[in-house]
Amino acid sequence: MVHEKNNIDAQDALTEIKRLEHKVRLGGHWTGWLWFMLGIAIAAFGVLAPPVTTGWLQYVVTLAVPILGLFALFFAARQQVVSKVYWRLQFPVTWIFCGLVLVDVIFRLLAHPDHLSIWVVVLGVLPAIPCWYGAWRVWRS
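Residues numbered from 1 in each chain as written. Predicted model: local features only at pLDDT ≥ 70, side-chain atom pairs only at ≥ 80, totals over all residues. Heavy atoms only, no water.

J.: Hey, could you go over the packing of helix H4 (residues 84–111) against helix H5 (residues 118–125) for me, with residue numbers and the actual values?
T.: Viewed as axis vectors pointing N to C, H4 and H5 meet at an angle of 150°, and their least axial separation amounts to 8 Å. In terms of their interaxial angle, H4 and H5 are classed as roughly antiparallel. Regarding H4 and H5, the two cross each other, and that crossing is left-handed. Contacts between H4 and H5 involve Val103, Asp104, Phe107 and Arg108 from the former and Trp119, Val120, Leu123 and Gly124 from the latter. Class assignment of the residues belonging to the contact of H4 with H5 gives a composition of 5 nonpolar, 1 polar and 2 charged. (Axes fitted to C-alpha atoms, helices over the stretch in contact; angles between N-to-C directions. Helix = DSSP H or I, 4+ residues; strand = E, 2+ residues; numbered from the N terminus. Parallel < 35°, antiparallel > 145°, perpendicular 65-115°, else oblique. Left-handed = near helix turned anticlockwise from the far one by under 90°. Contact = heavy atoms within 4.5 Å. Nonpolar A, V, L, I, M, F, W, Y, C, P; charged D, E, K, R; others polar.)

Dropping the structure here:
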């Protein structure tokens, strides 16, 4: 009984490993796009929401966007293919994001801003910064 083996030399094996590593690394970069888009959505919401919403609709918008952002982050955490950098950053970025969103939500619920002000813009854009930092780090990897 003769067994035929597929013999691959070391150089071909190393080339194949590097090709697969590159493919997996690029496959994990989608989380960078998720963080980037989440940052844009949160910043746009933070700057535009007060002038366009009043009354009970302000409360709905104020709470709905951060909740959707958290669902997006938790969805990303459940995926199989993510980069090593994302794996290391997902919890710090998520917790910093949550803290900054909480500060923004408390400000909006207590101050009831109805027009653009420096505080609305700063607190509206601030939660996007950890998302953009995470995206930049994932794309650099």
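J.: Requested: an account of the packing of aromatic side chains, with residues and values cited.
T.: Applying the stated criterion across every chain yields a total of 4 aromatic pairs. When the ring of Trp33 is compared with that of Trp139, the centres are 4.7 Å apart and the planes differ by 50°; the resulting orientation is tilted. Separated by 106 residues along the polypeptide, Trp33 in helix H2 (residues 30–52) and Trp139 in helix H6 (residues 128–140) bring together distant segments of the chain. A residue is classified by how much of its surface remains accessible, and Trp139, at 31% relative accessible area, is partly exposed. Members of the aromatic cluster, connected to one another through ring pairs, are Trp33, Phe36 and Trp139. A cation over a ring is seen here: Arg108 above Phe45, with NZ or CZ 5.3 Å from the ring centre. Positioned above the aromatic ring of Trp136 is the side chain of Arg140, whose terminal nitrogen or guanidinium carbon lies 4.6 Å from the ring centre. (Phe/Tyr/Trp six-rings, centres within 6.5 Å; stacked < 30°, edge-to-face > 60°. Buried < 20%, exposed > 50% of the residue type's maximum accessible area, 1.4 Å probe, protein only. Lys NZ or Arg CZ within 6 Å of the ring centre and 35° of its normal.)

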